[in-house]
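Tertiary structure, described
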Amino acid sequence: MMTLSADGAPAPRRLLFFPWRRYLLRYRTRQSLLLLDDAQLADIGLTRAQARREGRKAFWLE
């Protein structure tokens, strides 16, 4: 839920914080992906090479 200021505009601090939360989530998810074994990767439909490629992406890239 977005916090609104008195004039109905989104609160600026909240908007500045949101991208960093997304970046942190990407970073953690990608690091976790690198820790999965081959059987776990097969369960989610990825090869080791695909997981490595995604896991090494910079957190600011989608």
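Residues numbered from 1 in each chain as written. Predicted model: local features only at pLDDT ≥ 70, side-chain atom pairs only at ≥ 80, totals over all residues. Heavy atoms only, no water.

All chains considered together, the criterion is met by three aromatic pairs. Ring plane angle 90 degrees and centroid distance 5.3 Å describe the contact between Trp-20 and Tyr-23, whose orientation is recorded as edge-to-face. Note that Trp-20 and Tyr-23 are positioned in helix α1 (residues 12–35) at a spacing of three residues, about one turn of the helix. Feature note: the residues Trp-20, Tyr-23, Phe-59 and Trp-60 constitute an aromatic cluster, connected by ring pairs. (Phe/Tyr/Trp six-rings, centres within 6.5 Å; stacked < 30°, edge-to-face > 60°. Helix = DSSP H or I, 4+ residues; strand = E, 2+ residues; numbered from the N terminus.)

This next bit is on the environment of Arg-22. Tracing the backbone through its elements, the reader meets Arg-22 in helix α1. Arg-22 sits in the partly exposed class, given a relative accessible area of 35%. Each C-alpha atom of the pair Arg-22 and Phe-59 lies 8.8 Å from the other, and the pair is 37 residues apart in sequence. (Buried < 20%, exposed > 50% of the residue type's maximum accessible area, 1.4 Å probe, protein only.)

On to the UniProt feature "domain: YjiS-like" (unreviewed entry) in the protein chain, then. According to UniProt, the "domain: YjiS-like" (unreviewed entry) feature falls on residues 20–52. For residues 20–52, the helix share is 82%, the strand share is 0%, and the end-to-end C-alpha distance is 23 Å. (UniProt positions renumbered as here; feature names shortened; annotations may be inferred.)

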